[in-house]
Amino acid sequence: MPLENLKPEVESIINQSSTKDEKLKSICELLESNIDYYNWVGFYFKNGDKNELKLGPYVGEPTDHIIIPFGKGICGQVAESNANFVVPDVKAQDNYIACSITVKAEIVIPIFVNGQNLGQIDIDSNTVDPFTKADEEFLEFVCAKVATIL
Ligand code: SME
């Protein structure tokens, strides 16, 4: 399904009368089931006032990386850089936390609320170099919508 067609579905999940975590989980399910190269989809959020991320709702294989210190891995780097991070080939990254040997590529997009980087959406792909500017634009849209329910 084209990414553009998923935007109304994301909006409809945001507007549902369910809890924040149920909405986040539904967004993970929507993305993972409709985009064939999105194989693990999850949210990490700043853990209180600590300089670390904590895993939120996700879809895909369970991960050991529930807590990620700022600066560690792709996610921890995005917590500090406040910038999108697109990794076409995870093998080429030194500062990378492997979750599964099947993962070939990753994209992490930060979530801002009032200019503060409060979390991120993290997507792993089992395909090498699958992400384009269209994915970044779509995921920025998703993150902006998620920011409205945090
Ligand atoms: N690969 C990430 C860790 C999180 S997992 O992909 C679920 C990283 O390097 O930060």
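What you see is a predicted model; the values in this text were computed from it and never measured.

Undergrad: Quick question: what am I supposed to make of the overall build of the chain here?
TA: Looking only at helices and strands, one finds four helices and six strands in the chain. When the helices and strands of the chain are read in sequence order from the N terminus, they spell out α-α-β-β-β-α-β-β-β-α. Taking 15 Å as the expected radius of gyration for a compact globule of 150 residues, we find that the chain reaches 14 Å, a close match to that expectation. C-alpha atoms of the chain, sized along the principal axes, occupy 40 × 35 × 25 Å. In the chain, buried positions account for 47% of the 150 residues. Pairs at least 24 apart in sequence give 50% of the contacts found in the chain among residues at least 6 apart. Looking at the chain as shown, the accessible area adds up to about 7500 Å², and 49% of this sits on carbon and sulfur atoms. Where the 12 positive side-chain charges of the chain centre and where its 23 negative ones centre are 5 Å apart.

Undergrad: Just to check I follow, could you spell out the state of the cysteines for this structure?
TA: In a disulfide, the sulfur atoms of two cysteines are covalently bonded to one another. Enumeration according to the criterion identifies zero disulfides in this entry. Of all cysteine sulfurs, the one in C99 lies closest to C75, which takes part in no disulfide; the gap is 7.6 Å. The class of C75 is buried, set by a relative accessible area of 5%. Judged by relative accessible area, C99 falls into the partly exposed class, the value being 35%.

Undergrad: Is there a simple way to explain the site of the ligand in this structure?
TA: In the region of the ligand, the neighbouring residues are W40, Y44, I68, G73, I74, C75, Y96, I97, C99, E106, D122 and D124. Take I74: an N or O atom from its main chain is 2.9 Å from an oxygen atom of the ligand. Mapped by element, the contributors of at least two residues to the shell around the ligand are β1 (40-46), α3 (73-81) and β6 (116-125). By residue number, the principal contributor to the shell around the ligand is α3, which donates three residues.

Undergrad: Looking at this model, I keep getting lost on the nonpolar core. Mind explaining?
TA: Burial of nonpolar side chains together is a common tendency in soluble globular proteins. Counting residues in each nonpolar core, the largest one holds 32 residues, and the members touching the most others are L31, Y38, I121 and F138. Looking at this core, the elements with two or more residues in it are α1 (3-14), α2 (20-34), β1, β5 (105-113), β6 and α4 (133-147). Element by element, the count of residues in this core is highest for α4, at seven residues. When sequence neighbours within four positions are dropped, the list of residues in contact with I121 reads L31, V41, G42, F43, I107, V108, I109, I111, L139, V142 and C143.

Undergrad: Would you mind going over the packing of α2 against α4 with me for this structure?
TA: How two helices pack is summed up by the angle between their axes together with the distance between the axes. Put simply, α2 and α4 touch, their axes get as near as 12 Å, and they point 165° apart. For the element pair α2 / α4, the angle class is roughly antiparallel. In the crossing of α2 with α4, the sense of the turn from one axis to the other is right-handed. Together, L24, I27 and L31 of α2 and F138, L139, V142 and V146 of α4 make up the contact between the two elements. Of the residues that constitute the contact of α2 with α4, the class distribution is seven nonpolar, no polar and no charged.

Undergrad: Before we go on, may I ask you to explain the pairing of strand β2 (residues 52-59) in this structure?
TA: Side chains on a regular strand alternate between the two faces of the sheet. Within β2, six of the eight residues are buried, leaving the element largely enclosed by the surrounding structure. The pairing of β1 with β2 spans five bridges and is classified as antiparallel. Residue pairing across strands places Y44 opposite L55, the latter belonging to β2. Counting the residues in the hairpin turn of β1 and β2 gives five residues, including G48, whose phi is positive at 60°. Of the strand pairs in this sheet, β2 and strand β3 (residues 67-69) are connected by three bridges, and their pairing is antiparallel.

Thresholds applied
Residues numbered from 1 in each chain as written. Predicted model: local features only at pLDDT ≥ 70, side-chain atom pairs only at ≥ 80, totals over all residues. Heavy atoms only, no water. Helix = DSSP H or I, 4+ residues; strand = E, 2+ residues; numbered from the N terminus. Rg over C-alpha atoms; globule rule 2.2 N^0.38 Å. Buried < 20%, exposed > 50% of the residue type's maximum accessible area, 1.4 Å probe, protein only. Contact = heavy atoms within 4.5 Å. Areas by Shrake-Rupley, 256 points an atom, 1.4 Å probe, with all protein chains shown as cover. Lys, Arg positive; Asp, Glu negative; His and termini not counted. Charge placed at Lys NZ, Arg CZ, Asp CG, Glu CD. Disulfide = S-S within 2.5 Å. Near = heavy atom within 4 Å. Polar contact = N/O pair within 3.5 Å; in protein donor to acceptor, adjacent residues only side chain to side chain. Core = buried A, V, L, I, M, F, W, Y, C linked by side-chain atoms within 4.5 Å. Axes fitted to C-alpha atoms, helices over the stretch in contact; angles between N-to-C directions. Parallel < 35°, antiparallel > 145°, perpendicular 65-115°, else oblique. Left-handed = near helix turned anticlockwise from the far one by under 90°. Nonpolar A, V, L, I, M, F, W, Y, C, P; charged D, E, K, R; others polar. Pairing = 2+ DSSP bridges.

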